Structures are given as structure tokens and as C-alpha cells.
Amino acid sequence: MSASPLQARELTVGYDGRVVVDGLSLEIPRGLITVVVGANGCGKSTLLRALARLLKPRAGAVLLDGREIDRLPSKEVAKRLGLLPQSPSAPDGMTVEDLVARGRYPHQGLFRQWSERDEAAVEAALAATETTELRARPIDELSGGQRQRVWIAMTLAQETELLLLDEPTTFLDLAHQIDVLELLDGLVAERGRTVVMVLHDINQACRYADHLVAMCGGRIHAAGPPADVVDAAFIRDVFGLEAEVIEDPVTGTPLCLPTTTSRRTTTRC
Amino acid sequence: MTGGRVVVRRGPVSLRVDLRVALALAAVSAGVLAALVASVSVGEFGIPIGDVVATLAGAGDQATEFIVLDLRLPRALVAVLSGAALGLAGAIFQAATRNPLVSPDVIGVSGGAAVAAVAVIVFSSTASAVAVPLAALAGAIAAGAGLYALAWRGGVDGLRLVLVGIGVAALAQAGVWYVMTQGRIFEVAEAYLWLIGSVNGRGWEHVWPLAATLAVLAPAIVATGRRLDALALGDDLARSLGVAVERSRLLLLATAVVLTAVAVAATGPIGFVAFVAPHLARRMRPGVSAQGLLPLAAGCGALLVVISDLAGRLAFAPTELPVGIVTSVLAAPYFLVLLRRASRVGVAG
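This write-up is about the structure you can find in this document. (Residues numbered from 1 in each chain as written. Chains lettered and ligands numbered in written order. Predicted model: local features only at pLDDT ≥ 70, side-chain atom pairs only at ≥ 80, totals over all residues.)

Now for the interface of chain A and chain B. Quite often, the size of an interface is put as the accessible area lost when its parts meet. Opposite the 32 residues of chain A that make contact, chain B presents 28 residues. Of the residues belonging to the side of chain A that touches chain B, the class tally is 17 nonpolar, eight polar and seven charged. (Contact = placed C-beta atoms within 7 Å. Nonpolar A, V, L, I, M, F, W, Y, C, P; charged D, E, K, R; others polar.)

Here is the structure:
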């Protein structure tokens, strides 16, 4: 088994005629949080979708524990890798508990539809996301923050070592954003899960990432611990923004303070 | 567990039964059975319910036996089975496209059957009792296959399938009109009657194909209902839960097309049943999983067609209304209620 549970090797992915991810190689470190950042259209969501085998590579491969992901049975992959897409939607009237239970799909079969382990996994997922009291409520009645916690609970019930999330904090207010990020941080710290997520906010990325991957024009611009890679030049290159980077007084991680307010400089990518 | 559920676990087998769904299913089944008996009992020559039951048990006199077993029972059974097939088909179409407004009528599957059947009725000199159903069957399957092929672009997206389906339905309608302008009045009248959808005069030869198709497909569909549940979360999540999305959707759509085809072949296109039955089922238990929804929708479809047929026979007796007129009359106001509700809460269904 390779040290990295999920790798991209010379990965090229695109839609129709357009190449979005271009010959990219990447190793996701086990048991840590990897955050993918980059300007709009840099290919970060596409990379995440390809890592979750939602998109077929044009060239290269995604390796799950060293084996090509497209050659593995889809249920086997689903037992090891879970994904939360950007804005998931649940059928009308579905309750929290039913939605979370859907995460058990890859572990179930025609005759094994609700084992003790299924039940335990759902209970644990509800407890970990503090949604146990919401269990009987329909999803459509929940607030945005509660809903996102429930979706995360569904992916937790899947009991995968790897968890991929595409902008899990979008549409949430600041308190709920921090809630979700703390929850994911706890999962990694306490349960040894490996998390890969796309985030928009570079400062949150710096706070929560163990490993930061910055994308630029479908390639990796820089990767490593935030403190090693994020500085003013990095912000200029990746986001096309003049900024001062200081030490975050709370966490000691890089904190990016934009200095230009009106005019953007052009990105290098 | 919350929500009134019973868990059964024996060795490697584990199941969870939603009691409210089981109760609803029992109620619908009882309703279908009662409507079936009533449908056999009521008519120009009334037969007391006791005699109906006795005859079904094999203890009736010869005249009653003839009316019950040869005339009314097959008709009532065709109503039950075609209704169940349409209800199932509608539930699958709606779930697989994630669109509560979809039904085989809307996306041209029934339309394909209509063109073929009407063409046989109008153009063939010997429009036999076998040729028309076979044509309808072939037409529906051809329309379903064409629809899938046209909607395919490296995968089939629910919305694209619906849009292409509306095109297929329009094309089929044009085909029906064309055939109608080419025919003679007697044949055109017969074709019109077929287009409304009726169970009048249906015999055992119509019951068996329906019964056989349902016996083969229904258990398979309910067993794979879990895939529909995963698909209901959207393609991305379904795939990441380990569902082979395209293959599952093709399989499910193909089954729904076959169910529609067999039902339409037996009765003509009975309108609105496939659309309304899943909505009624969801009303009974909001948020129900596919394994509960599918049998409930089948039951609602069956109930709708049997009761509509009964109403059509009684409303203007001795003149009979074809069942297709009654289902449309019953369903139209329901459709409006649904749309009102939908515009109020922002979502349909």
C-alpha cells in the first residue's frame, strides 16, 4: 500500500473540447486535511470530481491505494471514498434520518438492508454532526447550516476513510462555516479520516489545511503546508491580488490582507 | 428507531419495514380488492356480492359463472393490472428523471404506441385483435428506445430526457393526426376510441400478457428500488455511493417503457394514471423510499383505473364511458390542485 491513499498521476480531464486539468500529479497525504484553492475556473472542482471518479480522465489516472480507480468495482470505491458535491439536493419530505441512512448504500445488498452495523454507523454519524435531535425532521425545513451538517452526516455514515468535499462552506454564514470546518477538523484529528476539500476563503484554507494545494490554469502552482507556500507573491500569482500576508494572531497560520481594493492585477495563470 | 419502523434481522438477512407504508399498502390493496369485487358485481345484470365471491370460489351456477368469469372478471383484472403497470411506470419515470411532472404520456412513450396502433387500425385491412396490441407494444418500445438514443450525450441527463421526450410526444401526435386524415370514417372512429383508452370487452387474452409482465418485472423493480433511492440524490451522489448511474437508469427506464407498452397494448393509452398514481402514493407517505413508493404507486394506479371504469359504467348507464375519459376527468382537477400547491411551496410533488 502506498503512503498516499489517493493520487493523481499525469491526470488530464476536460469537458467537451476543453482541457480543464492538465497533466496534473498529486499525492493526498493520509490522515490530514488537504485544501485545494485557486481562482474561479482554475480547475479545482474538476480536479475534485476527477479524484472522486465522477469524471473520466482523458489521460493519466487516479489511484486509490495505489490501484487505478476506474478499474475498481464502484461499490468498493464507495466504501473507501465519499464525496459531498457542491449543492446537493434531497427529495421533498425526506427526513434527516432517512437521508443519513442513504449513506449506507455501498454496504447494503438485496438481503442486507439494515444490519446492526448500518444502524450503528447512522447513529454515530448523527452524533458526530450533532444532528441526532433533528433526525425526524424533513430536510427542507432545516436551516442551511443544519442541512450541511446532515449532508456531512450522510457521507460519514458511508464510513469511508477518504472524504472529498466541494466547497462545503458555500452559502453558510460565518458561524456555520466555522462549525463545519471544526467538525471536519475533528474527524481528521479524532478518527484519522483523510479529508480533501475545495475552499474559496484563503484564510480559512490556511487555518484548516495541513496540506495546501493551489491550482492555476489546470496545474498545481504550489503545494505544501500553508506556512511554507503562502506569501504575497503566492497571492499575486494565484488570485491576481496585491496583498500583505501576516501571521494570523489566533492560529499562527498565514493571514492574507488584500491591499488593492479597486484594480485587480492580472494573474500569472 | 423513530417513525414506526420494524427491523427484522436473521443471520445475514436484515430488513427494515416502515409500518406506515405497510399500513397504507394494506389499505390500498384492500381498496383494490373491494373495487374489483364491486366491478364484477355491478352491471346491467347485477350479481350480489355473495354470489360473486361464491363464483370466484368455484361454487356458482353456470349463468353467473359465465358473466363473472368470462366477461366481468377479465375486464376488471385488465383494469387492475394495467393500472398497476402504469402506476409503476410513472413512479419509475418520475424518480429516474428526478422530475415529478413526467409520465409516459408526456415523454412520448404512449404516443409511440398510439401512432403504431392507429396506423394498424386505419391502414390494415385486417386489424385483428392481435395486430393492434402488438403494434402498440412495438410503437411504445420504439419510442422509448428512440427517446433514449436522442437524449444520449455521453450519458442521459434527466432534464434532457424530458425535453427530448416532449419533442417525441409532439412528433407522435403529428403522426396520429396524419394517419387520421388518411383514413375512412369508420376506421378513424375506431382509432379514436382506441386512443381514449378502454377496458371494454377485454378478455383473458389481455390479462395474461399483463400478468406475466408484472410477475416478472415487479419483484425485480422493487428489489432494485434502492438504486432509485440513490439516484434521487442526484447523479454525483449516486455515483459516489457506488451506483452505476447510466446502467441503472437505462435498466429502470427500459422497464418503465416495457410496463407502459404492455399496459397500452391491452387498453389503449389511459391518460393521467401514470402521472397521478405516484403523486397519490407520495401523499400517503411523504418522503417514502422507493421500495415503499413503487408498490404504493402500483396500488394507486390499479385503484384509479378500476374505480374509473366502474364510474364510467355507472355514470350514464346504460351508456358506457370509456375509462380513459373518466381518469382524465378525475385527474385534471387533481393536477390543478397539485400545481396550486407547487406554486405555493415552490416545488411540485
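Continuing now.
So, about the sheet that holds strand E2 (residues 18-28) of chain A. Residue and element names in this part refer to chain A. Reading across from one edge, E2-E1-E4-E5 is the order of the four strands in this open sheet, with antiparallel pairing throughout. The open sheet is flanked by E2 and strand E5 (67-68), the only strands paired with a single partner. Of the pairings in the sheet, the one linking strand E1 (residues 6-15) to strand E4 (residues 59-64) comprises five bridges and is antiparallel in character. Each residue of the ladder has a partner; that of Ala 8, found in E4, is Val 62. (Pairing = 2+ DSSP bridges. Helix = DSSP H or I, 4+ residues; strand = E, 2+ residues; numbered from the N terminus.)

The subject of this paragraph is the pairing of strand E2 (residues 13-18) of chain B. Residue and element names in this part refer to chain B. Pairing between strand E1 (residues 5-10) and E2: six bridges, direction antiparallel. Across the sheet, the residue bridging to Arg 9 is Ser 14, located in E2. Hairpin connection from E1 to E2: two residues lie between these consecutive antiparallel strands, with Gly 11 at a positive phi of about 60°.

Let us look at the environment of A:Glu167. All names here are of chain A. In this structure, Glu 167 sits in the loop between strand E7 (162-166) and helix H6 (174-191). The exposure class of Glu 167 is buried, given the 20 C-beta atoms found within 10 Å. Discounting residues that sit within four places of it in the chain, Glu 167 has contacts with Gln 86, Val 198, Leu 199 and His 200. (Buried ≥ 20, exposed ≤ 12 C-beta atoms within 10 Å, placed from the backbone.)

Let's shift gears to the packing of helix H4 (residues 116-128) of chain A against helix H5 (residues 144-157) of chain A. Residues and elements named next belong to chain A. Close contact between H4 and H5 brings their axes to 8 Å; oriented N to C, the two are set at 145°. In this structure, the crossing between H4 and H5 has a hand that is right-handed. From H4, Ala 121, Val 122, Ala 125, Leu 126 and Ala 128 reach across to H5, where they touch Ala 153, Leu 156 and Ala 157. A breakdown of the residues in the contact of H4 with H5 according to their chemical character gives eight nonpolar, no polar and no charged. (Axes fitted to C-alpha atoms, helices over the stretch in contact; angles between N-to-C directions. Left-handed = near helix turned anticlockwise from the far one by under 90°.)

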